[in-house]
Every structure is written in structure tokens, then in C-alpha cells.
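Chain residues, written in single-letter form:
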Amino acid sequence: MSEQESLRCSSARNRGGVQRVEGKLRASVEKGDYYEAHQMYRTLFFRYMSQGKHAEARELMYNGALLFFSYNQQNSAADLSMLVLEVLEKSETKVEDEILECLAKLFSQMDQNSPERVAFVSRALKWSTGGSGKLGHPKLHQLLAVTLWKEQNYSESRYHFLHSSDGEGCAHMLVEYSASRGFRSEVDMFVAQAVLQFLCLKNKNSASVVFSTYTEKHPSIERGPPFVQPLLNFIWFLLLAVDGGKLTVFTVLCEQYQPSLKRDPMYNEYLDRIGQLFFGVPPKQSPSYGGLLATFECDATKKLPEASASFMKVLQKLLDKM
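Cut-offs and rules
- Residues numbered from 1 in each chain as written.
- Predicted model: local features only at pLDDT ≥ 70, side-chain atom pairs only at ≥ 80, totals over all residues.
- Heavy atoms only, no water.
- Buried < 20%, exposed > 50% of the residue type's maximum accessible area, 1.4 Å probe, protein only.
- Helix = DSSP H or I, 4+ residues; strand = E, 2+ residues; numbered from the N terminus.
- Salt bridge = Lys/Arg side-chain N within 4 Å of Asp/Glu carboxyl O.
- Core = buried A, V, L, I, M, F, W, Y, C linked by side-chain atoms within 4.5 Å.
- Contact = heavy atoms within 4.5 Å.
- Expected span 1.5 Å × (residues − 1).
- Axes fitted to C-alpha atoms, helices over the stretch in contact; angles between N-to-C directions.
- Parallel < 35°, antiparallel > 145°, perpendicular 65-115°, else oblique.
- Left-handed = near helix turned anticlockwise from the far one by under 90°.
- Nonpolar A, V, L, I, M, F, W, Y, C, P; charged D, E, K, R; others polar.
- Phe/Tyr/Trp six-rings, centres within 6.5 Å; stacked < 30°, edge-to-face > 60°.
- Lys NZ or Arg CZ within 6 Å of the ring centre and 35° of its normal.

Student: Can you help me understand helix H10 (residues 187-200) in this one?
Tutor: Each turn of an α-helix holds 3.6 residues, which means side chains three or four residues apart point in the same direction. Most of H10 is tucked away: 13 of the 14 residues are buried. Immediately beyond the C-terminal end of H10, within one or two residues, lies Lys202, with a positive phi of roughly 60°.

Written out as C-alpha cells, the structure reads:
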């Protein structure tokens, strides 16, 4: 027998062994012996880990967690879910979509208000970036965002979408969020904040996709550009200006739209950062709000009417020259 055939036979035997053990544990759970079954899962976990059988340990804990979830044994299921992460960490398993989908499934089964869920997602995200301190793998963020969206936890879903690369999914979620929880007068603000935050994360592509999809799909937004809402026109021009990188266009744009930008005190903070990232603006030296934009605060509203037709034509000409 060749070495390769020997390895295949060994793997098949291990899989058969796991299946037999799982059968016994399932029978215990089905009889209601939850505590005993839980302790047996933990015993087998440490046995497999000491033997270097990481794949078997992970599979057993994953299936065990799902089994406990199906019987509403949240504490036992959450504990085994954390052991799945322990295997991934100690075995230095490479990140793969299949594993991320398994982690997202465990997350989706957890009690929405449990502290274990918070600990699980934090640890899962850390593993997904190799413990480097980054914000987590974009694919895992996307899967978490979809789960939270289904639970109508829009604010948490929004956070994870921002750290994914799924601008289209984020837009559809925001349309639902706006329609179900927001005021009609705020339809522009939902997408404006998302675009600005995507840009602060240097994700121009998702910023453009979330804007175009949201403005196309939202039932309360008339097709543009130009749009009825000045803030949407500002975002449209900003996305064009970011591609060109001309500071003059950026400053004129921010000056003209100050009345709309004052609707949320965070807008100018985001724009300070965007100015640094895309237009070469130096970081502000003082903690006062506004930074580069602060010079426009005093007299911006005394100038031309916001988003006048003549201004938009002039700005478009500037953009066309970039």
C-alpha cells in the first residue's frame, strides 16, 4: 500500500470513529442527558487535541454545538462553539470561506442577547485576521452583517457591512432600515453616513456601490442625479471628486453644502479624514470640530443658495477637467 493510500485509509478510519462517537453523544442528548453529554464532548475535545487530531476535534465540537442549539441548550452550545475557535487558534488553521460560513452559522444560532455571543464574535474576528489586531476578515463581516440584518438588528448589521466589501448588500439593508425605522426626511442621511464612513475606511468601491444602489432602490428617492435632496447631490459630487483628487474641488464642494453638512455634527469630522486620505489635507492641529471645513462655517450660508443650478454646472465643469 502506498503512503498516499495509507493516509486516505487513516482519514476514513478517523472519520468513521468520529461518526460512531457522535452517534452515542446524540443519543445522550436526545434522552435529555445534557450535562453528561456536554462533559463527554469536552473530554473528547481535550483527548483529540492532545493527539493532534485537530480536524476531528473541530468537526465534533461544531456538530455538537449545532445539536445543543437544536435542543435550546444555549450554554452548552456556546461553550462548544468557543472550543471550535480554540481548535482554529491552536492549530493555526488557514482562513477559508467554508470555515467562515460555519462560524457565521454558530453565531446565527446563539441567543441574540447573550454575552457569549459577543465574546464569540470578537474572538472569531480576531482569528480571521491571524490575531494581527485588524478589524476582521471582510467575508466574515459580510456573513455576520446578513445574519444581523435578518434579525432586524440594523445598527449592528451596518457596522459589519462597513467592514465588508459588500456595498450592494449594505445598500439593500439601509433601504429596509430607512423604510422601517427612519423618517422620510432622513432618507438621504442613511446613505450619506455610510458613504462617508466607507471613504474613511479607504473603500471607494463600496462607497460608490452603496450610493448608486441605495438611490436606485429606495422608493422615496426620485431618480437622479441630480437629486431633489441637496445632501445626495453633495455625496454624488464627492464621489466624483475623490476620483480626481483635486483639493480645490473638494473645498468648494464642502463650502457650498455646509447647510446640509450641519445636519449631522459628525459629517465634518468624516470629511476632515477624507480630506487627509484623498486630497492631501494635513491633519488638524486642534481638537475643534471642522478642521479644514471650519473656515467655511461663518459665511457659507450667506453665499449662493445651496446646490443652485448655476453652481452645479460650474462644479460639474471643474470635475470634467480632472
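Student: Any chance you could explain the pattern of salt bridges here in plain terms?
Tutor: All told, the structure shown has six salt bridges when counted by the stated rule. Residues Arg263 and Asp188 are paired through a salt bridge, measuring 2.6 Å at the closest nitrogen-oxygen approach. With a gap of 75 residues between them, Arg263 in the loop between helix H14 (258-261) and helix H15 (266-279) and Asp188 in helix H10 connect regions that are remote in the sequence. A salt bridge links Lys204 to Asp243, with the nearest nitrogen and oxygen atoms 3.6 Å apart. Separated by 39 residues along the polypeptide, Lys204 in helix H11 (residues 204-217) and Asp243 in helix H12 (residues 230-244) bring together distant segments of the chain.

Student: What is the right way to look at the nonpolar core in this model?
Tutor: Core analysis: the largest hydrophobic core is formed by 51 residues, its most contacted members being Phe234, Leu238 and Ile274. Elements with a contribution of two residues or more to this core: helix H7 (138-150), helix H8 (154-162), helix H9 (167-181), H10, H11, H12, helix H13 (247-256) and H15. Top contributing element to this core by residue count: H10, with 11 residues. Apart from residues no more than four positions distant in its own chain, Leu238 is found in contact with Leu196, Leu199, Phe250, Leu253, Leu271 and Ile274.

Student: Would you mind showing me how to read H9 here?
Tutor: For H9, with 15 residues, the first-to-last C-alpha span of 20 Å sits near the 21 Å given by 1.5 Å per residue. Listed as buried for H9 are Gly167, Gly169, Cys170, Ala171, Met173, Leu174, Val175, Tyr177 and Ser178. The secondary structure elements touched by the buried residues of H9 are H7, H8, H10 and H11.

Student: Can you walk me through the packing of H7 against H8 in this structure?
Tutor: Each pair of packed helices gets described by two things: the angle between the helix axes and the distance between those axes. At a closest axis distance of 8 Å, the pairing of H7 and H8 adopts a crossing angle of 165°. Relative to H8, the element H7 is oriented roughly antiparallel. Crossing geometry of H7 relative to H8 is assigned as left-handed. Together, His141, Leu144, Ala145, Val146, Leu148 and Trp149 of H7 and Tyr154, Glu156, Ser157, Tyr159, His160 and Phe161 of H8 make up the contact between the two elements. Looking at the contact of H7 with H8 residue by residue, the classes come out as eight nonpolar, three polar and one charged.

Student: Would you mind going over the environment of Ala119 with me for this structure?
Tutor: You can see Ala119 is positioned in helix H6 (residues 115-128). Along the backbone, Ala119 and Met82 are 37 residues apart, and their C-alpha atoms lie at a distance of 8.7 Å.

Student: In this structure, what is going on with the packing of helix H4 (residues 74-90) against H6? I would like to understand it.
Tutor: As a packed pair, H4 and H6 sit with axes 10 Å apart at the nearest point and diverge in direction by 15°. In terms of their interaxial angle, H4 and H6 are classed as roughly parallel. Between H4 and H6 lies a crossing whose hand is left-handed. When H4 is examined against H6, the residues Asn75, Ala78, Ser81, Met82, Leu85, Glu86, Leu88 and Glu89 are found in contact with a partner set consisting of Glu116, Ala119, Phe120, Arg123, Ala124 and Trp127. Here the contact of H4 with H6 is composed, by residue class, of eight nonpolar, two polar and four charged.

Student: Would you take a moment to explain unusual backbone geometry for this structure?
Tutor: Working note: non-glycine residues mostly have negative phi, and peptide bonds are mostly trans. Gly224 connects to Pro225 through a cis peptide bond whose omega is -5°. Tracing the backbone through its elements, the reader meets Pro225 in the loop between H11 and H12. Residue Pro226 is reached from Pro225 by a cis peptide bond, and omega for that bond is -5°. With respect to the helices and strands, the residue Pro226 is situated in the loop between H11 and H12. Here Glu92, not a glycine, exhibits a phi torsion of approximately 50°, which is positive. Turning to its location among the elements, Glu92 is positioned in the loop between H4 and helix H5 (97-109). Classification of Glu92 by relative accessible area gives exposed; the value is 69%.

Student: In this structure, what is going on with the packing of aromatic side chains? I would like to understand it.
Tutor: Note on aromatic pairs: each is described by the distance of the centres and the angle between the planes. Applying the stated criterion across every chain, the model contains 10 aromatic pairs. Arranged with centres 4.9 Å apart and planes meeting at 15°, the rings of Tyr154 and Tyr177 form a pair that is stacked. Pair noted here: Tyr154 is in helix H8 and Tyr177 is in helix H9, with a separation of 23 residues, a long-range link. As far as burial versus exposure is concerned, Tyr154 and Tyr177 are alike and both buried. When the ring of Tyr177 is compared with that of Phe190, the centres are 5.2 Å apart and the planes differ by 80°; the resulting orientation is edge-to-face. With Tyr177 in helix H9 and Phe190 in helix H10, the pair connects residues that are 13 residues apart, well separated along the chain. Given the relative accessible area of 13%, Phe190 is considered buried. Through a chain of ring-to-ring contacts, the aromatic side chains of Tyr154, Tyr177 and Phe190 assemble into a single cluster. Its end group placed over the ring of Phe107, Arg117 keeps NZ or CZ at 3.8 Å from the ring centre.

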